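# Examination of the molecular architecture
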Amino acid sequence: MPKSAKCLLIGSTETYSGKSATVLGLSYQLQQKGLDIAYSKPLGTCFSASGGTVVEEDVQFIAHSLNLPINRVGATILALDEVNVQKRWRGEDKTDYRQLLKQQYLQISQGDLVLLEGPGDLTQGNMFDLSLLQVAQALDASVLLVARYDSLHSAEALLSAKQRIGDRLVGVVINDIPTEQLEIVDAQLSPFLEQQGIPVLATLPKSDLLRSVSVGELVTQLNAEVLCRRDRLDLMVESLAIGAMNVNSAVKYFRKRRNMAVVTGGDRVEIQQAALETSTQCLILTGQLPPPEFILTRAEELEIPILSVDLDTLTTVEIIDRTFCQVRVHEPIKVQCIRQLMTEHFDIARLLSKLGLTPAGTLS
């Protein structure tokens, strides 16, 4: 019988910390080392209908990006949504999810390593026996934690996680570190965590590209009408600007920013004009007032989509801010970026050593 693969569970201290990006970057390095990997995300949070079946979008995207055969991809066993939570509350769902998890794991565990994407934080899934620690215990998995950097206080969350997870914690990835903070993280935070028995396997600099959203995603979230350049919804937006000031102030403000979405009123023609002549990826007009023809013509020439929304400025900005917070890595340009970041900054040799794995072609 083939030996069962080792299991690495990738979790995070809070939601939207960069788990999927870490899985993508790490998997690529593991495959480059010749290791046979499998992937699963037992607890699903983002589903869509595809060809009559419901699929977990992250699972589908990662399996496709890694070119994994079907027998190396585990099915998501539970959608974490309001309906399933209420069924559990009412006692209608008595499923033994730990048992289901073990059965599913056995189906994909021939190979070197199974990468499991954990819940959003340390407690999510608890009601179904699928929290990070419960999954780790059920599958005897090692844990790699991803934490988004938030000043030196980030140590608090990681120390707390270490107390919960114990010796299963093989390392942490500290993500999204502003460039000017990298030195202090490497000189102070990392050594401190290492002294507390928390191996720091990567300190990743903040990337505007990874935190960007496509114009197409903004169209979806805002339920916007596309007035021109529907063919350029793939443009990536890295920042948000609000055109509510006078035109001279707006021009100075816009020139300091890059790859922005500009939100302004449909009647603020001079602001629209200024935005089109700076680093703007899309113009979002509120108040349902159509722009004049010359604005549409100029946007066509410059290949800048103009969106119209049936919302006020404040609501529009809130939705865009939320979209930035929940950004995903489902664009090829982001996949390339995370692979490069992880290759440069992640200590793959140290992880393999901790997992007791030997790259293909290496003598043990």
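What counts and what doesn't
Residues numbered from 1 in each chain as written. Predicted model: local features only at pLDDT ≥ 70, side-chain atom pairs only at ≥ 80, totals over all residues. Heavy atoms only, no water. Helix = DSSP H or I, 4+ residues; strand = E, 2+ residues; numbered from the N terminus. Contact = heavy atoms within 4.5 Å. pLDDT = per-residue confidence, 0-100. Pairing = 2+ DSSP bridges. Axes fitted to C-alpha atoms, helices over the stretch in contact; angles between N-to-C directions. Buried < 20%, exposed > 50% of the residue type's maximum accessible area, 1.4 Å probe, protein only. Core = buried A, V, L, I, M, F, W, Y, C linked by side-chain atoms within 4.5 Å.

## A look at the side chain of Ser-131
Relative to the elements of secondary structure, Ser-131 occurs in the loop between strand 8 (113-117) and helix 5 (132-139). Sequence-distant contacts of Ser-131, defined by excluding residues within four places in its chain, comprise Pro-119, Leu-122, Thr-123, Gln-124, Gly-125 and Asn-126.

## What about the confidence of the model for the protein chain?
With 93% of its residues at a pLDDT of 70 or more, the protein chain shows a mean pLDDT of 86. Residue range residues 49-54 is modelled with pLDDT below 50. Its contacts to residues more than four positions away, or to other chains, number 6 contacts.

## Points about the sheet that holds strand 13 (residues 225-228)
Strand order in the open sheet formed by 5 strands is 13-18-17-16-15, and the pairing between neighbours is mixed. Of all strands in the sheet, those with a lone pairing partner are strand 13 and strand 15 (239-242), marking the two edges. On average, adjacent strands in this sheet sit at an angle of 25° to one another, irrespective of strand direction. Here helix 8 (residues 215-222) sits on the sheet in contact with strand 13, strand 16 (260-265), strand 17 (280-286) and strand 18 (306-308), set at roughly 15° to strand 17. In the packing of helix 9 (residues 247-255) onto the sheet, the strands contacted are strand 15 and strand 16, and the crossing angle to strand 15 comes to about 175°.

## Observations concerning the environment of Ala-147
Following the sequence through the fold, Ala-147 ends up in strand 9 (residues 142-148). Ala-147 sits in the buried class, given a relative accessible area of 4%. A C-alpha to C-alpha distance of 7.7 Å links Ala-147 and Leu-158, two positions 11 residues apart in sequence. Each residue touching Ala-147, except ones within four places of it in the same chain, is listed here: Thr-13, Leu-158, Val-173, Ile-174 and Asn-175.

## Let's talk about unusual backbone geometry
Despite not being glycine, Asp-140 shows a phi value in the positive range, around 50°. Mapped onto the elements, Asp-140 comes out in the loop between helix 5 and strand 9. For Asp-140, a relative accessible area of 60% puts it in the exposed group. Residues other than glycine seldom take positive phi values, yet Glu-303 does so here, at roughly 60°. Within the secondary structure, Glu-303 sits in the loop between helix 11 (293-302) and strand 18.

## Observations regarding the nonpolar core
Counting 41 residues, the largest nonpolar core has Leu-130, Leu-145 and Ile-174 as the members making the most contacts within it. Of all the secondary-structure elements, those providing two or more residues to this core are strand 1 (6-12), helix 4 (97-108), strand 8, helix 5, strand 9, helix 6 (154-165), strand 10 (169-177) and helix 7 (182-195). For this core, the leading source of residues is helix 5, giving 5 residues. Leaving out residues up to four positions away in the same chain, Leu-130 has contacts with Leu-43, Ile-77, Leu-78, Tyr-97, Leu-101, Pro-119, Gln-124, Gly-125 and Val-135. Among the nonpolar cores identified, the runner-up in size contains 38 residues, and Val-23, Leu-30, Met-236 and Ile-348 belong to it.

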